[in-house]
Amino acid sequence: MRTGGSAGCGGRGTDFPETLLRRSDHSPGQGSLAIIGLGPGRAEGMTAGALEALGQAEVIVGYHVYIELIRNLIGSRAVVSSGMTQELERCREAVRLALAGRRVAVVSSGDPGVYGMAGLVLEVLHQAAPESRLPVQVIPGVTAATAAAALLGAPLMHDFAVISLSDRLTPWDLIARRLEMAAGGDFVTVLYNPRSHGRRSQLQQAGEIFLKHRPPETPVGVVRNAGRGGEEVWVSSLQKFAGLPVDMLSTVIIGNSRTRVLSGRLVTPRGYQI
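Please read all numbers here as calculations on a predicted model, not as lab measurements.

Enquirer: I keep staring at the overall build of the protein chain and nothing clicks. Help me out?
Expert: A count of helical and extended segments in the protein chain gives nine helices and 13 strands. Classification of the 274 residues of the protein chain by burial places 45% in the buried group. By element, 53% of the accessible surface of the protein chain is carried by carbon and sulfur atoms, the whole surface being about 13,500 Å².

What follows is the structure, encoded as structure tokens:
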């Protein structure tokens, strides 16, 4: 892990007065936190607000893979990067630097509030300085669900659920119960973290849960590396999709009872009469 120096101090509170929730310039030397969604990871997939906030930061904090995705946008500025499972340490360092007066950007792929870093950063900040008035922005980004859906067509046109199959932080029994409820409720369902080297059976189990509630020909879309190099898109079925080369870089979208394949694209009708 490497980082720059620090100086000064700043603040942001837990009672969230309306004036502090609004974005504003802060005084020179006052620290700040911007929790930024990078979208898929390339500059063209980032929002203008994300690019602006990233450009204003003195220190960039993030998972080393995401740092490399935006290396050309960082230049010579200080970087704090580390590997998987070190999220808490990165958040603590980001908060420490911001409270010491640095303008800090914490980056997440996709949207920082969707399985990203926003919640953890805010928890760490509250624990470290519950009475602070540190300016904090959460900058949204294009999350994997919408990036994958756009490549598949329009599968998320009606109610949908997003469920991560990773049981690193959530017990599998709870994940399975959520899958059961989403399947029984006829939600279009987006699966994040569907399969990894250490988790080979969960995706198959998820498919079996949905097959109890939906026919085997239910359309399923799989997108790998959405918005990045090596992008791949498959349209399959509930009966067959688990056999595709699905991994941690993939997003799976399981259609509901009304989802159809129209000219090769997944579409979940909203209900308009055509």
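Enquirer: So what exactly am I meant to see when it comes to the packing of helix α8 (residues 172-184) against helix α9 (residues 202-211) here?
Expert: Helix-helix packing: each pair is described by the crossing angle between the helix axes and the interaxial distance. Where α8 meets α9, the axes come as close as 9 Å, and the angle between the chain directions of the two elements is 35°. Like other packed secondary-structure pairs, α8 and α9 cross with a definite hand, here right-handed. Seen from α8, the contacting residues are W172, A176, L179, E180, A182 and A183; seen from α9, they are Q202, Q205, A206, I209 and F210. Residues that form the contact of α8 with α9 fall into these classes: eight nonpolar, two polar and one charged.

Enquirer: Would you take a moment to explain the pairing of strand β9 (residues 219-224) for this structure?
Expert: Look at any regular strand and the pattern is simple: side chains alternate between the two faces of the sheet. Extensive coverage of β9 is indicated by the burial of six of its six residues. Covered by surrounding structure in β9 are P219, G221 and V223 together with V220, V222 and R224, the residues of both alternating faces. Alignment of β9 against strand β10 (residues 232-237), held across six bridges, turns out to be antiparallel. Pairing of V223 across the sheet is with V233, part of β10.

Enquirer: Sorry if this is basic, but what is going on with the sheet that holds strand β6 (residues 153-154) here?
Expert: In a beta sheet, neighbouring strands are held together by backbone hydrogen bonds and run either parallel or antiparallel to one another. Here we have three strands laid out as an open sheet, ordered β6-β13-β12, and mixed in their pairing. Of all the strands in the sheet, the pair left with one neighbour each is β6 and β12 (260-262). As paired elements, β12 and strand β13 (residues 265-267) share three bridges and run antiparallel to each other. The partner of R260 across the bridge, within β13, is V267.

Enquirer: Explain helix α7 (residues 144-152) to me, please; I cannot follow it from the model alone.
Expert: Note on helix geometry: an α-helix contains 3.6 residues per turn, so any two residues three or four positions apart are oriented the same way. Residues of α7 that are buried include every one of A145, A147, A148, A149 and L152, and no others. Within two residues after α7, G153 carries a phi angle of roughly 135°, on the positive side.

Enquirer: I would appreciate a short explanation of the nonpolar core in the present structure.
Expert: Most often, soluble globular proteins keep nonpolar side chains buried together rather than apart. Ranked by internal contacts, the top residues of the largest apolar core, which has 22 residues, are L165, L179, L191, F241, V252 and I254. If you list the elements that add at least two residues to this core, you get β7 (160-164), α8, α9, β9 and β11 (250-254). If you tally residues by element for this core, the top one is α8, at six residues. In contact with V252, other than residues within four places in its own chain, are T189, V190, L191, P194, V220, G221, V222, F241 and V246. Counting residues in each nonpolar core, the second largest holds 19 residues, with V59, V61, L97 and V124 among its members.

Enquirer: What exactly am I supposed to notice about the sheet that holds strand β1 (residues 32-37) here?
Expert: Pairing is parallel in the open sheet, where five strands are placed in the order β3-β2-β4-β1-β5. At either end of the open sheet lies a strand with only one pairing partner, and these are β3 (78-82) and β5 (136-139). Across the sheet, the mean angle from the axis of one strand to that of its neighbour is 15°, orientation sign disregarded. Note: strand β2 (residues 59-63) against strand β4 (residues 103-108), three bridges, orientation parallel. Directly across from I60, in β4, lies its bridge partner A105. Strand contacts of helix α2 (residues 48-56): β1, β2, β4 and β5, with the helix running at about 140° to β1, the strand carrying the most contacts.

Enquirer: Help me understand helix α5 (residues 87-99), please; the structure alone is not making it clear to me.
Expert: Spanning 13 residues, α5 covers 18 Å between terminal C-alpha atoms, matching the ideal 18 Å at 1.5 Å per step. E87, R90, C91, E93, A94, V95, L97 and A98 are the residues of α5 that are buried. The inward-facing, buried residues of α5 contact β1, β2, β3, β4 and α6 (118-128).

Enquirer: Any chance you could explain the environment of D159 here in plain terms?
Expert: Among the secondary structure elements, D159 is positioned in the loop between β6 and β7. When the C-alpha positions of D159 and R270 are compared, they lie 9.2 Å apart, and in sequence the two are 111 residues distant. The contacts of D159, once residues within four sequence positions are left out, are F187 and V188.

Enquirer: Please clarify how unusual backbone geometry should be interpreted in this entry.
Expert: For residues other than glycine, phi is negative in most cases, and the peptide bonds are mostly trans. The phi dihedral of N225 falls on the positive side, at around 60°, and the residue is not glycine. In the Ramachandran plot, S263 falls in the positive-phi region, its phi being about 55° despite a non-glycine side chain. Along the chain, S263 turns up in the loop between β12 and β13. Taking the relative accessible area as the measure of exposure, S263 reaches 72% and is therefore exposed.

About the cut-offs
- Residues numbered from 1 in each chain as written.
- Predicted model: local features only at pLDDT ≥ 70, side-chain atom pairs only at ≥ 80, totals over all residues.
- Heavy atoms only, no water.
- Helix = DSSP H or I, 4+ residues; strand = E, 2+ residues; numbered from the N terminus.
- Buried < 20%, exposed > 50% of the residue type's maximum accessible area, 1.4 Å probe, protein only.
- Areas by Shrake-Rupley, 256 points an atom, 1.4 Å probe, with all protein chains shown as cover.
- Axes fitted to C-alpha atoms, helices over the stretch in contact; angles between N-to-C directions.
- Left-handed = near helix turned anticlockwise from the far one by under 90°.
- Contact = heavy atoms within 4.5 Å.
- Nonpolar A, V, L, I, M, F, W, Y, C, P; charged D, E, K, R; others polar.
- Pairing = 2+ DSSP bridges.
- Core = buried A, V, L, I, M, F, W, Y, C linked by side-chain atoms within 4.5 Å.
- Expected span 1.5 Å × (residues − 1).

Keep in mind that these numbers describe shape and distance, not what the molecule does.
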